[in-house]
Amino acid sequence: MQQETLSKELLELIKKNIEENKQNNVISFLKKAKEYSSFVKNETNIMVVSHLDADGLTSAAIILKTLQREGIIYNLRVVQTVDQKVVDELKNVSEKKIIFVDIGSGQLELIKQLEDKEILILDHHEPSVKDYGGILHYNPHDFDLDGSNEISGAGTTYFYSRMLNEKNTDLAYLAIIGAIGDVQEHNGFIGLNKIILDEAVQSGKLKVKKGVKLFGAQTKNIVSLLTYNQDLALKGITGSEQAVINFLKELNIQYEEEGRIKKYIDLKEEERQRLISAMIIKRSHLENPNEIIGYYYSLTEEKRGSPLKDAREYATLLNACGRMDAASIGIAACMGNEEMKRKAIAVQKEYKRAIGQAINWYKQNKNTEKIKNEGKYIIIDGRNIIKAEIIGTLASIVSRMEEIKENTFIISIADADEENYKVSIRIKGEQNNYDLRSIMTKIAEKSNSQAGGHTNAAGALVPKKNIEEFLKAIKKIMEEI
Ligand SMILES: [Mn+2]
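The structure presented is a predicted model; accordingly, all values stated were derived computationally and were not measured. (Residues numbered from 1 in each chain as written. Predicted model: local features only at pLDDT ≥ 70, side-chain atom pairs only at ≥ 80, totals over all residues. Heavy atoms only, no water.)

Draft legend 1. Broad picture of the sheet that holds strand E13 (residues 420-427). Ordered by their spatial adjacency, 6 strands build an open sheet running E10-E11-E12-E13-E15-E14, and the pairing between neighbours is mixed. Each having just a single partner strand, strand E10 (371-373) and strand E14 (450-453) make up the two edges of the open sheet. The average undirected angle you get between the axes of adjacent strands in this sheet is 15°. (Pairing = 2+ DSSP bridges. Helix = DSSP H or I, 4+ residues; strand = E, 2+ residues; numbered from the N terminus. Axes fitted to C-alpha atoms, helices over the stretch in contact; angles between N-to-C directions.)

Shown next as structure tokens:
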């Protein structure tokens, strides 16, 4: 194999971070990017299509920044999915070339319809067909590399971009935010993501620190941070504000200043140490009480205390932008636009407000026609009331409420568009007994609906005219389980 097309530094990073038996796969993967770089050379106009979540938005930011640096004029579409409607619209755009990022590999049959276009797909989802036709397909799966844990859509886009021009290594930190958004960080990264992390650190844009992983350390007051983070599972403390305050007082932590509650980052170093040790003790009923210690990823150019400082919080903010119809604000923020950063932060605030309202609505309507508790399952009927973008999150929050019995299914309904409802399914508790995606598929089969998702969070798009059949199918399948 010819290796001289990869720089010495890059080969060293591969040696350092990739298992020996996969190193050649990685080399081929990177060379493929180089081979495809002619796609953007000598081109003036390109259409970009990206997915709506944090990984999709960071993918879009990386490719747009790359095109901008090449002097290419671009257009952007951000989509939840690629369906017939999207493909029909793309048939009519003026650009001859289209790049799909973090989406496309699962919709190859549909994309093949774009015969008049030249297509490049940069994605990490499993390809839906083996034959790509004339489509340029760049995907780790084709090199026997793991696309679900080792590299995200943003990572795939990043490698394309940095192989095109090494100057683009300054975008590596965006691929780390994307990977975190796709839940690929588990006490560090593995595989290709590790190469990206090294380049992000080398570029000076990102710092990795070991410490306590407290979501909201930069932005939340310490009392609500400790009260509402269920993952911390502090025995006798989580969920009760008063218990948190007593806990802090016992530890002699000055959590207040001039009547305002401090953030974690504003506590004194020795107070933080005391707090962490005490938290680990309060977690001793768990298998891994130490799990709150891990890595955090801090963006060097963002201000301390900003929601954009911590890569985890950044990813959450981007997800909120995607859900609030503000994808382009999130992308522009990732591209470095300061005004858009401020706007993205405002969008997230609005999103949180909408979630808060949805929770209040849930509490006020419990055990009414709108929220029926059927024992084994609860149906939250948010039609005309809760936005489709919020309903899945509401179902997830309800599925973590203490008052809900273990193994209760939470099913929620909202308007998706004129013709369809969006239905989500979640389950309370450690989810290892049921595959929610296959349950949803069974329910959907009987009412001409489309199901999708994962084992622990699934959903369906149900034609409004078929909703009665769908509700009957829920009842039937739930009784059978
Ligand atoms: Mn992704």
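Draft legend 2. Summary view of the sheet that holds strand E5 (residues 136-138). Spatially, E2-E1-E3-E4-E5 is the arrangement adopted by the 5 strands of the open sheet, whose pairing is parallel. Looking at the sheet topology across the chains shown, the edges are occupied by strand E2 (73-79) and E5. The average angle at which neighbouring strand axes cross in this sheet is 15°, direction not considered. Judged from the 3 bridges that link them, strand E4 (residues 118-122) and E5 form a sheet pairing that is parallel. Paired with leucine 120 across the two strands is leucine 136, which belongs to E5. Lying on the sheet, helix H6 (residues 153-164) is in contact with strand E3 (97-101), E4 and E5; it crosses E4 at an angle near 120°. (Contact = heavy atoms within 4.5 Å.)

Draft legend 3. Broad picture of the packing of aromatic side chains. Throughout the structure, instances matching the rule amount to 7 aromatic pairs. Measuring from ring centre to ring centre gives 4.5 Å for phenylalanine 29 and tyrosine 138, while their planes differ by 5°; the resulting arrangement is stacked. Of the two residues, phenylalanine 29 is situated in helix H2 (residues 23-36) and tyrosine 138 in strand E5; the sequence distance between them amounts to 109 residues. Each member of the pair, phenylalanine 29 together with tyrosine 138, is buried. Residues tyrosine 158 and phenylalanine 159 carry aromatic rings whose centres are separated by 5.6 Å and whose planes lie at 55° to one another, so their mutual orientation is tilted. (Phe/Tyr/Trp six-rings, centres within 6.5 Å; stacked < 30°, edge-to-face > 60°. Buried < 20%, exposed > 50% of the residue type's maximum accessible area, 1.4 Å probe, protein only.)

Draft legend 4. Structural view of helix H14 (residues 338-365). Compared with the 40 Å implied by 1.5 Å per residue over 28 residues, the 41 Å span of H14 between its first and last C-alpha is a close match. Taken together, the buried positions of H14 are occupied by Lys341, Ala344, Val347, Gln348, Tyr351, Ala354, Ile355, Ala358, Ile359, Trp361, Tyr362 and Asn365. Packing partners of the buried residues in H14 comprise helix H12 (311-323), helix H13 (327-334), E10, strand E11 (377-381) and helix H15 (388-399). At the N-terminal boundary of H14, the capping side chain belongs to asparagine 337, with an oxygen 3.0 Å from the backbone nitrogen of glutamate 339. (Expected span 1.5 Å × (residues − 1). Polar contact = N/O pair within 3.5 Å; in protein donor to acceptor, adjacent residues only side chain to side chain.)

Draft legend 5. Examining unusual backbone geometry more closely. Notably, aspartate 102 is not glycine yet its phi reads approximately 55°, a positive angle. Here aspartate 102 shows up in the loop between E3 and helix H5 (108-111). By relative accessible area, which is 1% here, aspartate 102 ends up buried. Phi angles above zero are rare outside glycine, and asparagine 252 is one such case at about 60°. Topologically, asparagine 252 is positioned in the loop between helix H10 (241-250) and strand E7 (256-257).

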